[in-house]
Amino acid sequence: MAVQQISAEEAQKTGFQELLQTLNASPEGLASEEAQSRLTQFGPNSLEEKKVNPVLKFLNYFWGPIPWMIEIAALLSALVRHWDDFIIIMVLLVFNAAIGFWQEYKAANALEALKAQLALQARVRRDGQWGEIAAAELVPGDLIRLRLGDVIPADVKLVEGDFLSVDQAALTGESLPVSKKPGDVAFSGSVAKQGEMVALVVSTGGATFFGRTAKLVQTAGAVSHFQKAVLRIGDFLIYISLGLVAVLVLVQLHRGASLLELVQFALILTVASIPVAMPAVLSVTMAMGALALSKMRAIVSRLESIEEMAGIDILCSDKTGTLTQNKLTLGEAVTFAARDAQELIFWGALASKEEDRDPIDLAVIGGLPDKAELSRYRQSRFVPFDPVSKRTESTVTDPENRTVSVTKGAPQVVMGLCRLAPEAMGRADQAVNGLAARGYRTLGVARAQDTGPWEFLGILSLYDPPREDSAATIVNAGTHGIKIKMVTGDNVAIGREISTQLGMGGNIQPADRLFHEGVDLERLSGEAAAQIEAADGYAQVFPEHKYGIVKALQAKGHIVGMTGDGVNDAPAIKQADVGIAVSGATDAARAAASLILTAPGLSVIVTAVEEARKIFERMNSYAIYRIAETIRIMFFVVLAMICYNFYPITAIMIILLAFFNDVPIMAIAFDNTRIDPKPVSWDMHRVLTVATLLGLIGVGETFGLMIIAKNWLRLDISQVQTFIFLKLAVAGHLTLFVARTPRFFLSRPFPAPVLLWSAIVTKVLATLFVVYPFGIMAPITWFQVGLIWGYCLIWVFVEDAAKLMVYRHLDMTGPRHQRFLNLVKQRFILYR
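A.B. asks: How should the overall build of the chain be read in this particular structure?
C.D. replies: Helices and strands together make up the secondary structure of the chain, namely 31 helices and 23 strands. Burial status across the chain gives 54% buried among its 832 residues. In the chain, the proportion of contacts linking residues at least 24 apart, taken out of those at least 6 apart, comes to 73%. Taken as a whole, the chain presents about 35900 Å² of accessible surface, with 59% of it coming from carbon and sulfur.

Shown next, in the form of C-alpha cells:
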C-alpha cells in the first residue's frame, strides 16, 4: 500500500491506531529496509536547498546594462584591433565581477558554517530496538522518543507518556510553553521544555509546518533600490550616448568620413560614456561596509542590503527573544496571607524543583534574593505540573521539623483548594483579571500545616521582560528616523504591555482583524494597508500575516526592515528590503536574511544603520562624480569634433583616464562622511541635476582651455590632445572633492587621508606622464603644466559655488522643504 505524508492538522483529528494503518507502521517501529525505502520515496527530513553553480553565479556578474555597455566597448576595440584598449577594458570588467563574487562567496561560507552547527540527532525505534540516527533520516511512520531539551525533528503525533511542555516560540511567536498530552500534535522545530513522550512521525521535510513556511520564503523577495538606481544611471548614460552618437554620425557622414573612422569614434564615445569602474567602486564600497559590520558581529549575506539599510524608515521587530528576553520573570505580587512579596515568592519557590529546569519554577526561584534560604527546608515529595491538576505540590520539613505542604498553579485551582471567603475570592479574581488584561500569566500560591486546611498566600505574576537594551535601542532608532513596530504571536494584552513599557505606543492591532479570511495578501485594500501603516504593532500573528504586513508597508512606499529569529519570521524576512536574523535565529531565518547578527540584542542594528548611511553618502558622491565626468568627456568630445573636426583626445588617453580617475577612486570606500539623521534613499532627480550641472560646467571650462591651447599657445593637434588629457585628469579628482559633500568642499568632514593621497599620487603621475610620455603622446612643458593646474584650481571654486546654489534650490523645492512648511503651518494653526 502506498504511504502518504499526513499534515499536522489532519493528524490532530485522526486517532493513533488509524494513523498506524494509514502510515503502514507498527508500535515496534519500522523495519530498517522499509525506512530506507521511505527515505528514497520522501527524501531526507530537511529543507530542499537550491544551490547555484558557482560558475553560473560568477557569469551572472557579466549580465546587465552596465556590463553590456562595457562588453560592447571591448568588442568594438577588438573589431578595430585596438588590443591595448581591449585588454584594459576586460581587466576592469573581470575585476568588478571578481569583487562581487568573492564577497558573496565569503558570506555563503559563513552561512554554511552556521548551518553545520545545527545538525540534529533523533532517538528512533526500528526493528524493535531504540537507537540514535541523524534527524535527516527520519521518515513518516517512525516512532521517536522526545525528552527535555530536544528540538522536535518532524511533525509528530504524541502517543505515549504523561505530558510534554513545548516551546513553540520559533514557530508561532508564543512566549510561553504549551502543554501537550497524548493525542496532540507537536511541530517540527519546536523545543521540548519538560516531560517525556513517545511520538509517531506523520510528515517530514517540506511537508511539515516548518517546511510549508519555508516555501513561502522561496516566493518572497524585493527588488533592491540599489539595483534600480544603477539601472537608472545606466539608462541615463545610454540615452545620452545614443543621442550624441546619432548627431555625430550624421555630421561625419556629411563630411565624407570613412566607416572605419565612425566605428573608431563609436569606440571612443562608448568608452567615454561608460562608467567602467562604477560597479567595481560601488561593490568595493559596500564590501568595506560589510567588513566593518562583521567586526560588530553582523554577517552581510547580500551586499545590496547595506544600501537598503540606509533608507529603512520602518523596522518590524519580532517580540519574543528580540525585544524581550524569551525568559519568564516574576512581575508584581498580590499578597493575601503572606506578610509581603518576598514571603510569597519564598513559599512559591518551595513548591518548585530547580533541577527539573521548568521555566516557571526557574522564574519563581530566580525571584529570591538568596536561594540558600531554601536549604533550611528539606523537600521530601514533589509532584510536577501536569495539564490535568494544573498545579505543582511539594511536601517539605521546616527547621522546627514540622511538615508543610506547598502548592502553586492556576489561581482558580489553588483558590478552590483554599475555600476563600466571598470578599477574598472577589479580590483575587479582580487581581487575576487585571494582570491578565496587561498580558501577565498568574500563579496562585498556598500552604497547609501537616493535615490542616490550605491557606491562600497570594498571587504571583509572570511575564517575558524586555531586554535591557531594547528601550534605549528604540529611542536611538527614533533619533535616526526609524519607527519600530512590534510583531508577535502573543495576544493583544501581552503585546500592548511590552509595547507600552518600551515606549513604542499602545495601538496594537490583532492580525485577524487586519487579515480576515479570504483576503489577498498580495493586494490588500487601501483601508487595510492604512490600518497596518498606522498601527504601533501587531498581535496574534501567523507567518503569512507577517509577510502581508511587510508587503502592505512596502506598498505604502516605506523601506522596511524585518528582524526575527524563528521559522515564522522567515517569509517576511525574505520579503523585507532588509531581513535581519537576530542572534540565536533558526536556520530558516538565517537563510532568508540579508543581515545575520551573531551578538545578542538589537543595538548593533542602529550602529549598522549609521554605517550604511556613511556608505550611502560615499556611493551617492561617487555616482554624482562619475555621471558628471561622463557628461564632461562625452559632450566635450562630440562638440570639439563638430566644431574643429579632429579628435580632441585619443582612445588610449580615454583608457588612461579610466585608470587615473576611476581605479584609484576606490579609496572613496574609506572616505570620511557625515551621517544623515533621517533615512536616505536614491533621489535620482537630485543626483542627475547636480551631476549634469557639474558636467556641463566641465565642458565649458575644457573648451576654454582648448581655445587657450590652440589660439594663444599655438600648439599643434597632438600637443592640444596632451593638454586636454592632463586637464581632464587633474579636474577629475577636484570634481570628486566638490561632489563628495553638499556643503562647501573645504568644510568638515575632510577627505580621508587615503582618498586625498590617492588623488595627489595619481595626479602627480599624470603630470609626469605628459612631460615624459614615453612616446604614447606628445610632451608639453612645465610652464604649460603649471598653467593647466592653475586653471583647474580656479574653476573648482566656480563648480562648488554652482553646486551650492543648485542644492539650495533643490532644498527649497524638494520634499524636505515641503515637510518643513507643513510643520510651520500646523504650529501657526495651533497658535491661532
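A.B. asks: Would you explain the nonpolar core in this entry?
C.D. replies: The nonpolar side chains of a soluble globular protein tend to be buried with one another. Counting 130 residues, the largest nonpolar core has Ile306, Phe456 and Ile459 as the members making the most contacts within it. Sorting elements by how many residues they give to this core places helix α25 (residues 603-644) first, with 23 residues. Residue contacts for Ile306: discarding those within four places in its chain leaves Met286, Gly289, Ala290, Leu293, Val300, Ala612 and Ile615. With 27 residues, the next largest nonpolar core counts Phe515, Ala535, Ile573 and Ala576 among its residues.

A.B. asks: What is the right way to look at the packing of helix α27 (residues 684-712) against helix α30 (residues 782-813) in this model?
C.D. replies: Axes are the key here: two packed helices are described by the angle between their axes and the distance separating the axes. The N-to-C vectors of α27 and α30 enclose an angle of 155°; their axes lie 10 Å apart at closest approach. By the angle between their directions, the pair α27 and α30 is classed as roughly antiparallel. Both α27 and α30 take part in a crossing whose hand is right-handed. Across from His685, Arg686, Thr689, Val690, Leu693, Leu694, Ile697, Glu701, Gly704, Leu705, Ile708 and Trp712 in α27, the residues of α30 making contact are Leu787, Ile788, Tyr791, Trp795, Glu799, Ala802, Lys803, Val806, Tyr807, Leu810 and Asp811. Of the residues assigned to the contact of α27 with α30, the class counts are 15 nonpolar, three polar and five charged.

A.B. asks: Looking at this model, I keep getting lost on the pattern of salt bridges. Mind explaining?
C.D. replies: Should the charged atoms of two oppositely charged side chains come close, the side chains can pair. Overall, the coordinates contain 30 salt bridges when judged by the stated rule. Among the ionic pairs, Glu455 bridges to Arg447, the shortest N-O distance being 3.1 Å. Looking at Arg447, the relative accessible area reads 13%, which means it is buried. One salt-bridge network, held together by shared partners, links Arg339, Glu343, Arg447 and Glu455.

A.B. asks: Sorry, what's going on with the sheet that holds strand β14 (residues 391-397) here?
C.D. replies: Within a sheet, neighbouring strands are paired by backbone hydrogen bonds and run either parallel or antiparallel to one another. Read across the sheet, six strands follow the order β12-β17-β16-β15-β14-β13 without closing on themselves; strand pairing throughout is antiparallel. The sheet is open, and its two edges are formed by β12 (329-335) and β13 (378-383), each paired on a single side. Strand-to-strand, the axes of this sheet are offset by a mean angle of 25°, without reference to chain direction. Bridge count for β14 against strand β15 (residues 403-409) is seven bridges, and the pairing is antiparallel. Bridged to Glu393 within β15 is Thr407.

A.B. asks: What is the right way to look at the sheet that holds strand β2 (residues 129-134) in this model?
C.D. replies: Here six strands make up an open sheet; going across it, the order is β2-β1-β3-β9-β4-β7 and the pairing antiparallel. Either end of the sheet is taken by a strand with one partner, and the two such strands are β2 and β7 (185-186). In the sheet, strand β3 (residues 143-146) pairs with strand β9 (residues 197-203) via four bridges, with the strands oriented antiparallel. Within the sheet, the bridge partner assigned to Leu143 lies in β9 and is Leu200.

A.B. asks: I tried to follow the pairing of β3 on my own but got confused; where do I start?
C.D. replies: Each regular strand shows side chains that alternate between the opposite faces of the sheet. Where strand β1 (residues 121-126) and β3 come together, three bridges link them in antiparallel fashion. Within β3, the position partnered with Val124 by the bridge is Ile144.

A.B. asks: Hey, could you run me through helix α16 (residues 411-418) in this one?
C.D. replies: For an α-helix, the turn length of 3.6 residues means that residues three or four places apart are oriented alike. The complete set of buried residues in α16 reads Pro411, Val414, Met415 and Cys418. Relative to the axis of α16, the buried residues are bounded by an arc of 100° and lie together on one face. As for α16, its buried residues are in contact with β15, α17 (422-437), β16 (441-449) and β17 (455-463). Arg419 occupies a position one or two residues after α16 and carries a positive phi of about 50°.

A.B. asks: What is the right way to look at the side chain of Lys408 in this model?
C.D. replies: Relative to the helices and strands, Lys408 resides in strand β15. For Lys408, a relative accessible area of 2% translates into the label buried. Within the structure, the side chain of Lys408 is placed 3.1 Å from the side chain of Ser352, a separation counted as a polar contact. For Lys408, the contacting residues outside a window of four places in its chain are Gly348, Ala351, Ser352, Ile360, Asp361, Val364, Arg391, Thr392, Val414, Leu443, Gly444 and Val445.

A.B. asks: What is the right way to look at the packing of α16 against α17 in this model?
C.D. replies: Contact pair α16 / α17: the axes reach a minimum separation of 11 Å and the direction vectors enclose 170°. Comparing the axis directions of α16 and α17 gives the class roughly antiparallel. Of α17, the residues touching α16 (which contributes Pro411, Gln412 and Met415) are Met425, Ala428, Asp429 and Val432. Along the lines of polarity and charge, the residues of the contact of α16 with α17 split into five nonpolar, one polar and one charged.

Reading guide: rules and limits
- Residues numbered from 1 in each chain as written.
- Predicted model: local features only at pLDDT ≥ 70, side-chain atom pairs only at ≥ 80, totals over all residues.
- Heavy atoms only, no water.
- Helix = DSSP H or I, 4+ residues; strand = E, 2+ residues; numbered from the N terminus.
- Buried < 20%, exposed > 50% of the residue type's maximum accessible area, 1.4 Å probe, protein only.
- Contact = heavy atoms within 4.5 Å.
- Areas by Shrake-Rupley, 256 points an atom, 1.4 Å probe, with all protein chains shown as cover.
- Core = buried A, V, L, I, M, F, W, Y, C linked by side-chain atoms within 4.5 Å.
- Axes fitted to C-alpha atoms, helices over the stretch in contact; angles between N-to-C directions.
- Parallel < 35°, antiparallel > 145°, perpendicular 65-115°, else oblique.
- Left-handed = near helix turned anticlockwise from the far one by under 90°.
- Nonpolar A, V, L, I, M, F, W, Y, C, P; charged D, E, K, R; others polar.
- Salt bridge = Lys/Arg side-chain N within 4 Å of Asp/Glu carboxyl O.
- Pairing = 2+ DSSP bridges.
- Arc of directions from axis to C-beta.
- Polar contact = N/O pair within 3.5 Å; in protein donor to acceptor, adjacent residues only side chain to side chain.

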